[in-house]
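The lines below spell out each chain.
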Amino acid sequence: MSLYEQQVEKRQEIARIKTNFNKDSASRKTVDYYKTRLGNLDSLWEEFKHNHDRMCTEESRTHQYFTEKWFESTEECYREVRALLWQSYQQMVAPLVAAYEEKSKLSSSSEQDAVKQQELDSKISRYSDGSSHSGSQNQHLTSTGTNSKYQDLQHQQQVNFKALTRTMENIVVDDIKEKWKFEDAIKSLQSRWDTIDKLHWEIEALSTSNPSYDALFVNDG
């Protein structure tokens, strides 16, 4: 299978995730469901970008892959599908997360707050019993509800760093003879870093300290 055919196949797989998501019933959409599909989606996109880097060095710019802007359209498709999955996941967990957050702010010493806590416990119980989540999934929501976005962004950033490293390893300067190939290599590196830099400020805005991540960003920067 040629590189171009692989790209066509991966684009179809990315689009298929959206198609299947729209077909799946609400009862199937558990925490694990979203984690699995988001992970698969990100893996497909990373593979697509890796092949794109190879296309840039191995194929002519007159190839239909470039003239039909396959990279740009596939990136748009990927971002659309990811936003759909993420927003749906947030909507699913919002009631439970809100109940836990409200409960954590109450004081058990107040009789009024004690009554409110009982009401929230009932709400949490009803939500849990009425959903398809297992006990372990609800425990996951309890511990990670408010940090889920931060953790998701950090996971994506780790993927971005790996992609940057792979791109750097694939560039052999001594083998680049044509000017346009050298310019493409520079653009690929710049594109990788721009993605990292943009996501970094989203992570920074959440104000959650993570020394290992901070060191990784500074060292790569």
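The rules behind the values
Residues numbered from 1 in each chain as written. Predicted model: local features only at pLDDT ≥ 70, side-chain atom pairs only at ≥ 80, totals over all residues. Heavy atoms only, no water. Phe/Tyr/Trp six-rings, centres within 6.5 Å; stacked < 30°, edge-to-face > 60°. Buried < 20%, exposed > 50% of the residue type's maximum accessible area, 1.4 Å probe, protein only. Helix = DSSP H or I, 4+ residues; strand = E, 2+ residues; numbered from the N terminus. pLDDT = per-residue confidence, 0-100. Contact = heavy atoms within 4.5 Å. Polar contact = N/O pair within 3.5 Å; in protein donor to acceptor, adjacent residues only side chain to side chain.

Peer 1: Quick rundown of the packing of aromatic side chains? Include the residues and the values.
Peer 2: Enumeration over the complete set of coordinates arrives at 12 aromatic pairs. For the pair Tyr 33 and Tyr 34, a centre-to-centre distance of 5.4 Å together with 80 degrees between the ring planes defines the contact as edge-to-face. When its relative accessible area of 4% is taken as the criterion, Tyr 33 is described as buried. By relative accessible area, which is 2% here, Tyr 34 ends up buried. Between Trp 45 and Phe 71, the aromatic rings sit 5.5 Å apart at their centres with planes inclined by 35 degrees, giving tilted as the arrangement. With Trp 45 in helix 2 (residues 31-58) and Phe 71 in helix 4 (residues 70-105), this residue pair connects regions lying 26 residues apart in the sequence. Judged by relative accessible area, which is 2%, Trp 45 ranks as buried.

Peer 1: Could you give an account of the confidence of the model for the chain, naming the residues involved and the relevant values?
Peer 2: Detailed reading of the predicted model is not advised wherever pLDDT is low. Looking at the chain, the pLDDT average stands at 75 and 66% of residues meet or exceed 70. In the model, residues 126-146 has pLDDT below 50 throughout and makes 34 contacts with residues more than four positions away in sequence or in other chains.

Peer 1: I'd like to hear about the side chain of Asn 51, residue by residue, with values.
Peer 2: Looking at the element boundaries, Asn 51 is found in helix 2. A polar side-chain atom of Asn 51 sits 3.2 Å from a polar atom in the side chain of Gln 7. In this structure Asn 51 touches Leu 3, Gln 6, Gln 7 and Lys 10, once residues within four positions along its chain are discounted.

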